[in-house]
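Listed below, chain by chain, are the residues.
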Amino acid sequence: MLNKRRVLTLLVPFIIFIIGAVMLATPLLKGSDPSKLDSALIGQTVPAFTLQDIYDENKQYDATIFKGQKMLLNVWATWCPTCYAEHTYLNKLAKQGFYIVGMNYKDDRKKAIRWLNDLNDPYQISLFDESGMLGMDLGVYGAPETFFIDSQGIIQYRHVGDLNEKVWNGKLLAIYEGME
(Lines give C-alpha, C1' and ligand atoms only; values in the text may rest on other atoms or scores of the structure.)
Protein backbone atom coordinates (compact mmCIF):
# COMPACT_ATOMS: atom_id res chain seq x y z
CA MET A 1 0.00 0.00 0.00
CA LEU A 2 2.84 2.40 0.78
CA ASN A 3 4.40 1.75 -2.62
CA LYS A 4 1.11 2.52 -4.42
CA ARG A 5 0.80 5.78 -2.53
CA ARG A 6 4.37 6.76 -3.41
CA VAL A 7 3.84 5.84 -7.09
CA LEU A 8 0.65 7.95 -7.18
CA THR A 9 2.43 10.86 -5.49
CA LEU A 10 5.06 10.84 -8.22
CA LEU A 11 2.76 9.91 -11.10
CA VAL A 12 0.03 12.58 -10.61
CA PRO A 13 2.38 15.60 -10.95
CA PHE A 14 4.02 13.94 -13.97
CA ILE A 15 0.64 13.42 -15.66
CA ILE A 16 -0.35 17.03 -14.94
CA PHE A 17 2.94 18.19 -16.44
CA ILE A 18 2.40 16.10 -19.60
CA ILE A 19 -1.16 17.41 -20.04
CA GLY A 20 0.05 21.00 -19.61
CA ALA A 21 2.91 20.51 -22.07
CA VAL A 22 0.54 19.06 -24.69
CA MET A 23 -1.90 21.96 -24.24
CA LEU A 24 0.88 24.52 -24.67
CA ALA A 25 2.50 22.75 -27.62
CA THR A 26 -0.70 22.07 -29.59
CA PRO A 27 -0.95 25.56 -31.20
CA LEU A 28 2.70 25.36 -32.24
CA LEU A 29 2.27 21.90 -33.72
CA LYS A 30 -0.79 23.05 -35.68
CA GLY A 31 1.32 25.79 -37.23
CA SER A 32 -0.49 28.76 -35.72
CA ASP A 33 1.17 32.09 -36.21
CA PRO A 34 1.96 33.86 -32.93
CA SER A 35 2.20 37.19 -34.77
CA LYS A 36 -1.42 36.92 -35.91
CA LEU A 37 -3.73 38.30 -33.28
CA ASP A 38 -7.37 38.13 -34.24
CA SER A 39 -9.28 41.36 -34.04
CA ALA A 40 -12.92 41.66 -33.01
CA LEU A 41 -13.09 44.67 -35.34
CA ILE A 42 -12.57 42.77 -38.59
CA GLY A 43 -15.61 43.57 -40.72
CA GLN A 44 -16.48 46.67 -38.70
CA THR A 45 -15.87 50.36 -39.26
CA VAL A 46 -13.02 52.14 -37.56
CA PRO A 47 -14.26 53.26 -34.11
CA ALA A 48 -15.31 56.90 -33.72
CA PHE A 49 -12.49 59.20 -32.60
CA THR A 50 -11.13 62.71 -32.71
CA LEU A 51 -7.35 63.04 -32.76
CA GLN A 52 -4.93 65.86 -33.44
CA ASP A 53 -2.60 66.00 -36.40
CA ILE A 54 0.91 65.21 -35.25
CA TYR A 55 2.31 68.42 -36.74
CA ASP A 56 -0.56 70.82 -35.98
CA GLU A 57 -2.33 70.66 -32.61
CA ASN A 58 -5.15 72.81 -34.02
CA LYS A 59 -5.96 70.37 -36.82
CA GLN A 60 -8.15 67.43 -35.88
CA TYR A 61 -9.29 64.30 -37.65
CA ASP A 62 -12.12 61.86 -37.13
CA ALA A 63 -13.09 58.48 -38.59
CA THR A 64 -14.28 60.06 -41.87
CA ILE A 65 -10.65 60.06 -43.05
CA PHE A 66 -10.96 56.30 -43.53
CA LYS A 67 -13.61 56.53 -46.25
CA GLY A 68 -13.21 56.98 -49.97
CA GLN A 69 -10.21 54.79 -50.71
CA LYS A 70 -8.54 51.71 -49.38
CA MET A 71 -5.57 52.32 -47.12
CA LEU A 72 -3.28 51.13 -44.39
CA LEU A 73 -3.39 52.46 -40.84
CA ASN A 74 0.07 52.00 -39.38
CA VAL A 75 0.46 52.23 -35.59
CA TRP A 76 4.00 53.29 -34.64
CA ALA A 77 6.08 54.95 -31.92
CA THR A 78 9.59 56.31 -31.49
CA TRP A 79 10.14 54.00 -28.51
CA CYS A 80 9.56 50.97 -30.77
CA PRO A 81 12.73 49.51 -32.32
CA THR A 82 10.71 47.36 -34.73
CA CYS A 83 8.96 50.51 -35.97
CA TYR A 84 12.35 51.95 -36.82
CA ALA A 85 13.20 48.83 -38.83
CA GLU A 86 9.83 48.99 -40.60
CA HIS A 87 9.96 52.69 -41.47
CA THR A 88 12.16 52.34 -44.56
CA TYR A 89 9.73 49.86 -46.08
CA LEU A 90 6.76 52.14 -45.33
CA ASN A 91 8.52 54.91 -47.26
CA LYS A 92 8.97 52.48 -50.16
CA LEU A 93 5.26 51.59 -50.13
CA ALA A 94 4.30 55.27 -50.02
CA LYS A 95 6.52 55.99 -53.04
CA GLN A 96 4.72 53.17 -54.88
CA GLY A 97 1.42 54.97 -54.28
CA PHE A 98 -0.02 53.11 -51.32
CA TYR A 99 -2.12 55.40 -49.12
CA ILE A 100 -0.91 55.11 -45.54
CA VAL A 101 -2.26 56.84 -42.46
CA GLY A 102 0.13 56.85 -39.52
CA MET A 103 -0.95 56.80 -35.90
CA ASN A 104 1.76 57.76 -33.44
CA TYR A 105 0.90 55.74 -30.33
CA LYS A 106 1.56 56.74 -26.70
CA ASP A 107 4.55 58.84 -27.61
CA ASP A 108 6.14 62.25 -27.30
CA ARG A 109 5.04 64.64 -30.06
CA LYS A 110 8.42 66.37 -30.44
CA LYS A 111 10.29 63.09 -30.73
CA ALA A 112 7.75 61.81 -33.25
CA ILE A 113 8.02 64.92 -35.44
CA ARG A 114 11.82 64.73 -35.32
CA TRP A 115 11.61 61.04 -36.31
CA LEU A 116 9.40 61.85 -39.33
CA ASN A 117 11.62 64.75 -40.37
CA ASP A 118 14.80 62.67 -40.08
CA LEU A 119 13.50 59.42 -41.61
CA ASN A 120 10.97 60.87 -44.10
CA ASP A 121 7.24 60.81 -43.57
CA PRO A 122 5.45 58.05 -45.52
CA TYR A 123 2.03 59.03 -44.17
CA GLN A 124 -0.62 61.02 -46.00
CA ILE A 125 -2.14 61.80 -42.61
CA SER A 126 -0.32 61.56 -39.27
CA LEU A 127 -2.52 61.10 -36.22
CA PHE A 128 -1.27 61.74 -32.70
CA ASP A 129 -2.74 59.28 -30.17
CA GLU A 130 -0.87 60.42 -27.09
CA SER A 131 -3.23 58.78 -24.59
CA GLY A 132 -3.60 55.59 -26.62
CA MET A 133 -7.41 55.77 -26.62
CA LEU A 134 -7.89 55.02 -30.33
CA GLY A 135 -5.25 52.33 -30.01
CA MET A 136 -7.20 50.81 -27.14
CA ASP A 137 -10.44 50.97 -29.15
CA LEU A 138 -8.66 49.18 -32.01
CA GLY A 139 -7.31 46.52 -29.64
CA VAL A 140 -3.69 47.49 -30.22
CA TYR A 141 -1.26 45.43 -28.14
CA GLY A 142 1.78 47.46 -29.09
CA ALA A 143 3.59 48.86 -32.05
CA PRO A 144 3.92 48.24 -34.89
CA GLU A 145 0.51 47.08 -36.00
CA THR A 146 -1.10 47.78 -39.35
CA PHE A 147 -4.80 47.71 -40.18
CA PHE A 148 -6.06 47.25 -43.73
CA ILE A 149 -9.11 49.47 -44.23
CA ASP A 150 -11.31 49.35 -47.31
CA SER A 151 -12.85 52.34 -49.11
CA GLN A 152 -15.97 52.14 -46.93
CA GLY A 153 -13.91 52.55 -43.74
CA ILE A 154 -14.25 48.88 -42.76
CA ILE A 155 -11.32 47.07 -41.19
CA GLN A 156 -10.48 44.08 -43.36
CA TYR A 157 -7.28 42.79 -41.78
CA ARG A 158 -4.89 43.38 -38.91
CA HIS A 159 -1.17 42.68 -39.14
CA VAL A 160 0.91 42.56 -35.95
CA GLY A 161 4.60 43.20 -36.40
CA ASP A 162 6.63 44.99 -38.99
CA LEU A 163 5.84 45.36 -42.64
CA ASN A 164 8.77 44.26 -44.74
CA GLU A 165 9.24 43.07 -48.29
CA LYS A 166 8.96 39.36 -47.46
CA VAL A 167 5.75 39.73 -45.44
CA TRP A 168 4.23 42.24 -47.86
CA ASN A 169 4.89 40.23 -51.02
CA GLY A 170 4.26 36.87 -49.38
CA LYS A 171 0.82 37.58 -47.94
CA LEU A 172 -0.22 41.17 -47.35
CA LEU A 173 -0.20 42.53 -50.90
CA ALA A 174 -2.82 39.96 -51.94
CA ILE A 175 -5.03 41.00 -49.01
CA TYR A 176 -4.61 44.67 -49.93
CA GLU A 177 -5.34 44.05 -53.60
CA GLY A 178 -8.44 42.05 -52.68
CA MET A 179 -10.01 45.01 -50.88
CA GLU A 180 -12.30 47.54 -52.53
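Preceding this section is the structure that the text describes.
Residues numbered from 1 in each chain as written. Predicted model: local features only at pLDDT ≥ 70, side-chain atom pairs only at ≥ 80, totals over all residues. Heavy atoms only, no water.

J.: Looking at this structure, I do not really get the packing of aromatic side chains. What am I missing?
T.: Any two aromatic rings considered together are summarised by their centre-to-centre distance and by the angle between their planes. Tallying each qualifying case throughout the model produces 10 aromatic pairs. Relative to Tyr-176, the ring of Phe-148 lies with its centre 6.4 Å away and its plane at 65°, an arrangement referred to as edge-to-face. One end of the pair, Phe-148, is in strand 6 (residues 145-149); the other, Tyr-176, is in helix 5 (residues 165-177), with 28 residues separating them in the sequence. Judged by its relative accessible area of 0%, Phe-148 is buried. (Phe/Tyr/Trp six-rings, centres within 6.5 Å; stacked < 30°, edge-to-face > 60°. Helix = DSSP H or I, 4+ residues; strand = E, 2+ residues; numbered from the N terminus. Buried < 20%, exposed > 50% of the residue type's maximum accessible area, 1.4 Å probe, protein only.)

J.: How do you make sense of the pairing of strand 6 when you look at a structure like this?
T.: A regular strand places its side chains on the two faces of the sheet in alternate fashion. Most of strand 6 is tucked away: 5 of the 5 residues are buried. Of the two faces of strand 6, the one lined by Glu-145, Phe-147 and Ile-149 and the one lined by Thr-146 and Phe-148 are each fully buried. Inspection of the sheet shows strand 3 (residues 71-76) paired to strand 6 by 5 bridges, in the antiparallel sense. Residue pairing across strands places Met-71 opposite Ile-149, the latter belonging to strand 6. Connecting strand 6 to the antiparallel partner strand 7 (residues 155-160) that follows it, the hairpin turn spans 5 residues, and Gly-153 within it adopts a positive phi of roughly 85°. (Pairing = 2+ DSSP bridges.)

J.: I tried to follow the state of the cysteines on my own but got confused; where do I start?
T.: Structurally, a disulfide amounts to a covalent bond that connects the sulfur atoms of two cysteines. Under the definition given, this model contains 1 disulfide. Residue pairing for Cys-80: its cysteine sulfur links by disulfide to Cys-83, the two sulfurs lying 2.5 Å apart. Between Cys-80 and Cys-83 the sulfur-sulfur dihedral comes to about 85°; the bridge is accordingly right-handed. Considered together, Cys-80 and Cys-83 belong to a single accessibility category, that of buried residues. (Disulfide = S-S within 2.5 Å.)

J.: Help me understand helix 5, please; the structure alone is not making it clear to me.
T.: Because each turn of an α-helix spans 3.6 residues, side chains separated by three or four positions in sequence point in the same direction. Relative to the 18 Å expected for 13 residues at 1.5 Å per residue, helix 5 spans just 16 Å between its end C-alpha atoms, considerably shorter than the ideal helical length. Of all the bends in helix 5, the greatest, near 50°, is centred on Lys-171. Every buried residue of helix 5 is listed here: Trp-168, Leu-172 and Tyr-176. Against the buried residues of helix 5 lie strand 3, helix 2 (81-95), strand 6 and strand 7. Structurally, the start of helix 5 carries an N-cap: the backbone nitrogen of Lys-166 is 3.1 Å from a side-chain oxygen of Asn-164. (Expected span 1.5 Å × (residues − 1). Bend = angle between axes of the 7 residues up to and from the residue. Contact = heavy atoms within 4.5 Å. Polar contact = N/O pair within 3.5 Å; in protein donor to acceptor, adjacent residues only side chain to side chain.)

J.: What am I meant to see in the sheet that holds strand 7 here?
T.: Two orientations exist for strands paired in a sheet by backbone hydrogen bonds: parallel and antiparallel. Pairing is mixed across the open sheet formed by 7 strands, whose spatial order is 2-1-5-4-3-6-7. Taken across any chain shown, the strands that pair with only one partner, and hence form the sheet edges, are strand 2 (60-62) and strand 7. The mean inter-strand angle of the sheet, taken between neighbouring strand axes irrespective of direction, is 30°. Two elements, strand 1 (residues 50-53) and strand 5 (residues 125-129), share 2 bridges in a ladder whose sense is antiparallel. Bridging across to strand 5, Asp-53 finds its partner in Leu-127. Packing against the sheet, helix 3 (residues 109-119) makes contact with strand 1, strand 3, strand 4 (100-105) and strand 5, and its axis sits at approximately 125° to strand 3. Taken strand by strand, helix 5 contacts strand 3, strand 6 and strand 7, and its axis lies near 165° from that of strand 7. (Axes fitted to C-alpha atoms, helices over the stretch in contact; angles between N-to-C directions.)

J.: Quick question: what am I supposed to make of the nonpolar core here?
T.: Grouped burial of nonpolar side chains is what soluble globular proteins tend to show. One finds Leu-72, Trp-76, Leu-93, Phe-148, Leu-163, Trp-168 and Tyr-176 to be the most contacted residues of the largest nonpolar core, which totals 24 residues. Elements represented by at least two residues in this core include exactly strand 3, helix 2, helix 3 and helix 5. In terms of residues, this core owes the most to one element, helix 2, which gives 4 residues. The residues contacting Leu-72, other than those within four sequence positions of it, are Leu-93, Tyr-99, Ile-100, Val-101, Thr-146, Phe-147, Phe-148, Leu-163, Trp-168 and Tyr-176. Counting residues in each nonpolar core, the second largest holds 22 residues, with Ile-65, Val-75, Ile-125 and Leu-138 among its members. (Core = buried A, V, L, I, M, F, W, Y, C linked by side-chain atoms within 4.5 Å.)

J.: I'm lost on the pattern of salt bridges in this one. Help?
T.: For side chains of opposite charge, pairing can occur when their charged atoms come near one another. Evaluated as defined, the whole model comprises 3 salt bridges. Between Lys-92 and Glu-165 there is a salt bridge whose closest N-O contact spans 3.3 Å. Here the residue Lys-92 occupies a position in helix 2, and Glu-165 occupies one in helix 5, the gap between them amounting to 73 residues. Glu-145 is paired through a salt bridge with Arg-158; the nearest N and O atoms lie 2.9 Å apart. Placement of Glu-145 in strand 6 and of Arg-158 in strand 7 is noted, with a sequence separation of 13 residues between them. The same class applies to Glu-145 and to Arg-158, which are both buried. (Salt bridge = Lys/Arg side-chain N within 4 Å of Asp/Glu carboxyl O.)

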